[in-house]
Amino acid sequence: MRKEFLKKAEETLLETKKQLLREIQGRVKEETEGSKDEGRDTYDLASDERDREINFILNDREREKLLAIEEALQRIKDKTYGICECGCENCEGEIQLGRLKILPFTRLCVKCQEEMEKENKLQKKFEDERSYRKLAITDIEEENF
Ligand SMILES: [Zn+2]
């Protein structure tokens with residue numbers, strides 16, 4: 001993969017991360033201002049304490065996104081960025097550049113992504129059916145008692 005592209009991807013990732021953190025910090029500030037009794041300013045806290053606070057206030061979606069960004073940055077360092085992690089037989093190996101531009105922290109090529117989504121749906125359907133069957137069996141067992 002070309003160096004320029006990696007550089008651009010890294011910048012995009014860092015920018016996305018910064019934006020996300022800014023949003024979160026804005027929220028932290030709002031919430032702290034709402035409770036002035038505690039008499040502390042979020043921005044005065046030691047940075048690891050602030051990180052902990054930010055971590056606490058993250059919702060699952062934000063935490064996942066931050067993690068995905070961190071992992072993508074790590075993959076750039078490890079020189080594995082842009083290689084699909086699936087490795088199944090349909091796999092294209094390298095993730096298309098166009099896809100990486102839109103989704104810089106994606107780990108799967110289009111084909112594997114589609115495959116995974118199909119599987120997730122199947123898995124969900126299977127689990128629904130299983131819990132339904134389990135429910136049905138439990139009903140019968142209870143009737144026997
Ligand atoms: Zn793939």
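Residues numbered from 1 in each chain as written. Predicted model: local features only at pLDDT ≥ 70, side-chain atom pairs only at ≥ 80, totals over all residues.

S.K.: Which residues make up the overall build of the protein, and what values do they have?
M.R.: Within the protein, the regular secondary structure consists of five helices and zero strands. Listing each helix as α and each strand as β along the protein from the N terminus yields α-α-α-α-α. For the protein, the residues scored as buried account for 10% of the 145 residues in total. Intrachain contacts of the protein at a sequence separation of at least 6 include 54% that bridge at least 24 residues. (Helix = DSSP H or I, 4+ residues; strand = E, 2+ residues; numbered from the N terminus. Buried ≥ 20, exposed ≤ 12 C-beta atoms within 10 Å, placed from the backbone. Contact = placed C-beta atoms within 7 Å.)

S.K.: Tell me what's going on with helix H3 (residues 60-78), and back it up with residues and numbers.
M.R.: Along its 19 residues, H3 runs 26 Å from first to last C-alpha, staying within 8% of the 27 Å computed at 1.5 Å per residue. Phi turns positive one or two residues past the end of H3, at Lys79, with a value near 60 degrees. (Expected span 1.5 Å × (residues − 1).)

S.K.: Which residues make up the nonpolar core, and what values do they have?
M.R.: For soluble globular proteins, the rule of thumb is that nonpolar side chains tend to be buried together. Counting 12 residues, the largest nonpolar core consists of Ala9, Leu13, Ile69, Ala72, Tyr81, Cys84, Ile95, Leu100, Phe105, Leu108, Cys109 and Cys112. Elements represented by at least two residues in this core include exactly helix H1 (3-33) and H3. Summarising the domain contributions, this core has at least three residues from each of domain 1 (1-81) and domain 2 (82-145). In contact with Ile69, other than residues within four places in its own chain, are Leu13, Thr16, Lys17 and Phe105. (Core = buried A, V, L, I, M, F, W, Y, C linked by C-beta atoms within 7 Å. Domains from an automatic or database assignment.)

S.K.: Hey, could you go over unusual backbone geometry for me, with residue numbers and the actual values?
M.R.: Excluding glycine, a negative phi dihedral is what most residues carry, and trans is how most peptide bonds are arranged. Phi at Lys79 takes a positive value of approximately 60 degrees, unusual for a residue other than glycine. Note that Lys79 resides in the loop between H3 and helix H4 (97-102).

S.K.: Account for the environment of Leu13, with residues named and values stated.
M.R.: With respect to the helices and strands, Leu13 occurs in helix H1. The residues contacting Leu13, other than those within four sequence positions of it, are Ile69, Ala72, Leu73, Pro104 and Phe105.

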